Amino acid sequence: MQQAPAKIILFGEHAVVYGQPAIAVPFTALHATVESRATPPGTGLTIIAGDVGQLLHVEHPLAGGEPSGNALIYAAQITLAKLKAPLPDLSLEIRSTIPVASGLGSGAAVSTALIRELSAALGSPLQGDALNALVYEVEKMHHGTPSGIDNTVIVSGAPVYFVRGQAPQPFQIGTPLTLVVADSGIQASTRESVGAVRELYEQHPDSFGGYFEEIGALVKEARRYIEAGNLKEIGQLMNRNHILLSVLTVSSPLLNRLTGAARDAGALGAKLSGGGRGGNVIALVMSSTADQVAEALRGAGAVRTWMTTVETLETA
Ligand code: PMV
């Protein structure tokens, strides 16, 4: 069985599509898992989306025809093509605790776990850059023009400072960050919010280009404060990032209400995270205020909350 975590964007979503840096971390409280089982000869490759009870049959990518329009089938097909493997007799069962269309990287986590499990079952486990490149291909199907931040942080499993087209930079977290993550309960398409921002950028290149640059500068500043462990400043930058995301039109009255409620309950800062217009907000808290912030978020309309601590992974 293989798995992959969800992810949280701490700073820089949307501007990252235009070449600005962003900071993302794995969110290990939620994950996707894929388990393979050998099936009788001649049965081919099937994918069982366990949570939704969907059963999919994978055709071999070299059998001709158009690439599949289904992201799960496509992930399996490009893995077979990459490994030049014949169609195996196998079932792949997917389970995920990550809410879909919520800015938590559900699509990239499922693709990562699926490609890990399928390639391992074929005897050639894919990892690192090779895995990341395949997951990015599937992300294009989900998102149109993804920056690559979701697949990069999920495949690496470590906090990343990310600039589109460049190798991700790992960085230190000076003081662990305690975050409350709150689900607005509203599913929103990242493809649509990214598309809407692009349209506005094309209509107003100077002002939107300026907002992206402002976000990029803020992300660079945030990295320094995260490395130094300066929680108060990190919180203030989250608040500023949220305002700039609102200016990009990707917030909503509900997301503004949730972030406001978190701040009123003692959070050091709060912002939407991911594509926006729904999905999740994150609040930076002290452990002593975490419970009251989570309660305030639920009181303001969040359908569920999680707590997570972000820290530098100790490498052996
Ligand atoms: O998948 P989401 O909703 O977390 O959004 C990804 C972040 C964006 O910057 C909005 C899009 C991208 O490709 O980077």
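Residues numbered from 1 in each chain as written. Predicted model: local features only at pLDDT ≥ 70, side-chain atom pairs only at ≥ 80, totals over all residues. Heavy atoms only, no water.

Colleague: Any chance you could explain helix α2 (residues 106-121) here in plain terms?
Modeller: Residues that lie three or four places apart on an α-helix share one face, since the helix turns once every 3.6 residues. Between the first and last C-alpha of α2 there are 22 Å, a value that for 16 residues agrees with the 22 Å anticipated at 1.5 Å per step. Where burial is concerned, most of α2 is hidden: 13 out of the 16 residues are buried. Taken from the residues just after α2, G123 is the one with a positive phi, measuring 85°. (Helix = DSSP H or I, 4+ residues; strand = E, 2+ residues; numbered from the N terminus. Expected span 1.5 Å × (residues − 1). Buried < 20%, exposed > 50% of the residue type's maximum accessible area, 1.4 Å probe, protein only.)

Colleague: Looking at this model, I keep getting lost on the nonpolar core. Mind explaining?
Modeller: When a protein is soluble and globular, its nonpolar side chains tend to lie buried together. By size, the foremost hydrophobic cluster in this structure holds 103 residues, and its most contacted members are L10, F11 and L114. Those residues within four positions of L10 in sequence are excluded, and the remaining contacts are I23, A24, V25, L177, L179, I226, N241, K271 and I282. (Core = buried A, V, L, I, M, F, W, Y, C linked by side-chain atoms within 4.5 Å. Contact = heavy atoms within 4.5 Å.)

Colleague: How should the pattern of salt bridges be read in this particular structure?
Modeller: Close approach of charged atoms allows side chains of opposite charge to pair. Considering all chains together, one arrives at 8 salt bridges under this definition. Among the ionic pairs, R37 bridges to E93, the shortest N-O distance being 3.5 Å. Highlighted residues: R37 in strand β2 (residues 22-38) and E93 in strand β5 (residues 90-96), separated in sequence by 56 residues. Given the relative accessible area of 16%, E93 is considered buried. Among the salt bridges present, the one from K140 reaches E137, with a minimum N-O distance of 3.1 Å. Note that K140 and E137 are positioned in helix α3 (residues 128-143) at a spacing of 3 residues, about one turn of the helix. Residue class for K140 comes out partly exposed when judged on its relative accessible area of 33%. What you see here is one network of salt bridges that share partners, running through E35, R37, E93 and R95. (Salt bridge = Lys/Arg side-chain N within 4 Å of Asp/Glu carboxyl O.)

Colleague: Before we go on, may I ask you to explain the environment of E213 in this structure?
Modeller: One can find E213 in helix α6 (residues 205-228). Here the alpha-carbon distance between E213 and A15, two residues 198 residues apart in the chain, equals 7.6 Å.

Colleague: So what exactly am I meant to see when it comes to empty space enclosed by the protein here?
Modeller: A probe matching the size of a water molecule, rolled over the atoms, marks out where space remains unfilled. Per the counting criterion, the structure on display carries 1 cavity of 30 Å³ or more. The calculated volume of the largest cavity comes to roughly 40 Å³. Along the walls of the largest cavity sit A101, S102, G103, A188, T190, S273, G275, G276, G278, G279 and N280, which together make up its complete lining. For the lining of the largest cavity, a count of residues per class yields 2 nonpolar, 9 polar and no charged. Of the domains in this structure, domain 1 (2-162) and domain 2 (172-310) are the two that each give at least three residues to the lining of the largest cavity. (1 Å grid on protein atoms, 1.4 Å probe; cavity = no way out; pocket = protein on both sides within 12 Å on 5 of 7 lines; lining within 4 Å. Points joined across faces, edges and corners; volume = space filled by probe spheres on them. Nonpolar A, V, L, I, M, F, W, Y, C, P; charged D, E, K, R; others polar. Domains from an automatic or database assignment.)

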